[in-house]
Amino acid sequence: MKVTRHQTAPAMAAGAPPARKPRTSAAQRRAVLLFVAPFGLLFLAFYAVPIVFAVVQSLLTVERKGTFGPPQQVFGGLVQYQQVFQNTEFWESVGRVLLFGVVQVPIMLGLALLFALLLDSPLLKGKKFFRLAFFAPYAVPGVIAAIMWGFLYSPSLSPFGAVTSQVNFLSADLVLWAIANIVTWVYVGYNMLIIYSSLLAIPTEIYEAAKLDGASNLQIAWWIKIPLVVPAIILTGVFSIIGTLQLLAEPQTLRSFSSAISSTFTPNLAVYTTASVPNYSLAAAFSVVLALATFVLSFVFLKATQRKVSQ
């Protein structure tokens, strides 16, 4: 019996080994390395190397031979970290910014969510204008924003003298919340943009189905939009925690307007002041401890919020 070509092909295919995936050629690997190299070099130069240098610097201490001998850096182990944990001013500044974050971050993210929902609402007119208006403060550098608000807060310089003469926003009791107002004004638009981008990614069919079921715009926002943008809100929360512990530009600038802001008002300001002495080893130890605290708080916040979302 003669076997046709159409009969032999399936038989040969059945007995043949599975086709191998083509191996990545050397040219492809070189192309991948070429595209990854700029990021890798910048990551090493501006992230990995400074971290390693800070850790090494924090393990050194300065010694002098005799009364007038030249200072020399020698290995001191954990001596600098012992001073960090004994420095009450540093830990008071950490507690101050934690209080700042507990109050300011929820208010800022709540406003960012509200503005994002307004921009995504079909009832709002002039969305391009409001999107630019909400985001515009973020384009103002933090130092410039602090100077501007410093003049507005100052009783002798503010155009709102009737208010600032009665309420001293730069006093020891209110200066922390004056800084919180500046940070909120600057970063609401940035966080709003992240949440608004997440809202734009939601399929419109979900809204249409909800409207067919009789849901109002408020119900759609509460029961559909907000739950779906929770990951974006968590992301902005992590960014805000990191930014809170790194607070520097606003208090440092407002020191020109208020005597209530000390050189250790925030942890980063304490690091800056210590490095200016100069005591680079102690400043490096402050930085390492602050970085670890930031990592722990961000990690705990991320895990806690993810657990609630999964429930």
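Every chain's residues receive numbers from 1 upward, in the order its sequence appears when written. Only residues with pLDDT of at least 70 are given local features in this predicted model, and only at 80 or more are side-chain atom pairs given and counted; all residues enter the totals for whole chains, interfaces and linings. Each side-chain value is derived from all of the structure's non-hydrogen atoms; neither hydrogens nor water enter the calculation.

Quick look at the pattern of salt bridges
For this analysis, a salt bridge means a side-chain nitrogen from Lys or Arg found within 4 Å of a carboxyl oxygen belonging to Asp or Glu. Here the structure, examined in full by the defined rule, presents 1 salt bridge. Measuring nitrogen to oxygen at the nearest pair gives 2.9 Å for the salt bridge that ties K225 to D120. Placement of the pair is K225 in helix α10 (residues 217–228) and D120 in helix α4 (residues 88–120), with a sequence separation of 105 residues. For the pair shown, K225 and D120 are each scored as buried. Note on conventions: DSSP H or I runs of at least 4 residues are helices, E runs of at least 2 residues are strands, and numbering of each starts at the N terminus. Accessibility here uses a 1.4 Å probe with only protein chains present; expressed as a share of the type maximum, an area under 20% marks a residue as buried, one over 50% as exposed, and anything in between as partly exposed.

What to know about the layout of surface pockets
For the largest pocket, the calculated volume is near 580 Å³. For the lining of the largest pocket, the secondary structure elements donating two or more residues are α2 (26–58) and α14 (280–310). If you add up the space inside the second largest pocket, you get close to 440 Å³. Taken together, 21 residues make up the lining of the second largest pocket; nearest its centre are V105, L109, G237, I241 and F301. Here the term cavity refers to a set of points on a 1 Å grid, laid over the protein atoms alone, in which a 1.4 Å probe fits but cannot get out; the term pocket refers to an open set having protein on both sides within 12 Å along at least five of seven lines, with lining residues being those that place an atom within 4 Å of a point. Grid points are joined across faces, edges and corners, and a volume is the space filled by probe spheres set on the points.

Points about the nonpolar core
What is meant by a nonpolar core is a set of buried Ala, Val, Leu, Ile, Met, Phe, Trp, Tyr and Cys residues, joined one to another through side-chain atoms within 4.5 Å. Core analysis: the largest hydrophobic core is formed by 23 residues, its most contacted members being L113, A116, L117, M192, I195, L199 and V229. Breaking this core down by element, the ones donating at least two residues are α4, α8 (175–200), α9 (204–212) and α10. For this core, the element with the most residues is α4, which contributes 9 residues. By definition, residues are in contact when any of their heavy atoms lie within 4.5 Å. Apart from the residues within four sequence positions on either side, I195 is in contact with A112, L113, A116, V229, A232, I233 and T236. Listed in part, the 18 residues of the second largest apolar core include A145, L176, I179 and A180.

A closer look at the side chain of T294
With respect to the secondary-structure elements, T294 resides in helix α14. For this analysis, a polar contact is any N or O atom pair within 3.5 Å, provided that within protein one partner can donate a hydrogen and the other can accept it, and provided that sequence-adjacent residues contribute only side-chain to side-chain pairs. Among the polar contacts listed, one links the side chain of T294 to the backbone oxygen of L290, at a separation of 2.8 Å. Residues contacting T294, with those up to four places away along its chain left out, are I242 and L245.

Digging into the packing of aromatic side chains
Aromatic ring pairs are described here by two measures, namely the spacing of the ring centres and the angle between the planes. Under the pairing criterion, centres of Phe, Tyr and Trp rings, with the six-membered ring standing for Trp, must be within 6.5 Å; the plane angle then separates stacked pairs below 30 degrees from edge-to-face pairs above 60, leaving the rest tilted. Within this structure, the stated rule accounts for 16 aromatic pairs. With a centroid separation of 5.3 Å and 75° between ring planes, the pair formed by F151 and F257 is classed as edge-to-face. On the criterion of sequence distance, the pair formed by F151 in helix α6 (residues 142–153) and F257 in the loop between α12 (249–254) and α13 (267–275) is long-range, its members being 106 residues apart. Residue classification places F257 among the partly exposed positions, given a relative accessible area of 23%. By the ring-pair criterion, three or more aromatic residues cluster together here, those being F85, F90, W91 and F286.

Observations concerning a nonpolar patch on the surface
Nonpolar side chains collect at one region of the surface, where L99, V102, V103, I107, L111, L114, L118, V167, L174 and W177 lie side by side and expose about 780 Å² of accessible area between them. Residue position: L99 is located in helix α4. For L99, a relative accessible area of 45% translates into the label partly exposed. The patches reported here contain residues having more than 30% relative accessible area and no salt bridge. Joining distances are 9 Å for like charges and 5 Å for nonpolar side chains (Val, Leu, Ile, Met, Phe, Trp, Tyr). Per-residue and other accessible areas were derived by the Shrake-Rupley procedure at a 1.4 Å probe size, with only the shown protein chains allowed to occlude residues.

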